[in-house]
Amino acid sequence: MKRLSICLMGLTALLMGQGAQAQYVLPDPSQVVPPPSPPPPPKIEVPKVPQFDAPPRYNYRPLPRNSFSDRVSKCLDDAAAAGLGPADRGTYARSCAN
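This report concerns the structure included in the present document. (Residues numbered from 1 in each chain as written. Predicted model: local features only at pLDDT ≥ 70, side-chain atom pairs only at ≥ 80, totals over all residues. Heavy atoms only, no water.)

A short note on the packing of helix H2 (residues 68-82) against helix H3 (residues 86-97)
It is the contact of H2 with H3, at a shortest axis distance of 8 Å, that shows an interaxial angle of 135°. Judged on the interaxial angle alone, H3 and H2 are oblique. In the packing of H2 onto H3, the handedness of the crossing is right-handed. Facing H2, whose interface residues are Phe-68, Arg-71, Val-72, Cys-75, Leu-76, Asp-78, Ala-79 and Ala-80, H3 presents Arg-89, Tyr-92, Ala-93, Cys-96 and Ala-97. (Axes fitted to C-alpha atoms, helices over the stretch in contact; angles between N-to-C directions. Helix = DSSP H or I, 4+ residues; strand = E, 2+ residues; numbered from the N terminus. Parallel < 35°, antiparallel > 145°, perpendicular 65-115°, else oblique. Left-handed = near helix turned anticlockwise from the far one by under 90°. Contact = heavy atoms within 4.5 Å.)

A look at the pattern of salt bridges
Scanning all chains against the criterion turns up two salt bridges. Taking the shortest distance from any N to any O, the salt bridge between Lys-43 and Glu-45 comes out at 3.9 Å. With respect to class, Lys-43 is no different from Glu-45; both count as exposed. When the shortest N-O distance is used, the salt bridge between Lys-74 and Asp-78 registers 3.0 Å. Within this pair, Lys-74 and its partner Asp-78 are both found in helix H2, separated by four residues, close to a single helical turn. (Salt bridge = Lys/Arg side-chain N within 4 Å of Asp/Glu carboxyl O. Buried < 20%, exposed > 50% of the residue type's maximum accessible area, 1.4 Å probe, protein only.)

The values reported here are purely geometric and, on their own, carry no functional implication.
The following block contains the structure:
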């Protein structure tokens, strides 16, 4: 019985499929894909250098101003942080917001 099972296992192994190959076969050179080309080098730009004889450029636009309600809220918060009482906060906010 033992010999029969060993023979069956050997026969099954032979019939199951292909065994290991002895050597690796390279594909045709026509099937080999060439590696991608390298990316282009980064573009290098020279920074603009200020000139000594160039006239200075000023920005004459006024800074944007907050709305009136934003200014009043900020003034009330500042008055509370300073420790003013509720009656004094209104007076401070009126003079601060304008």
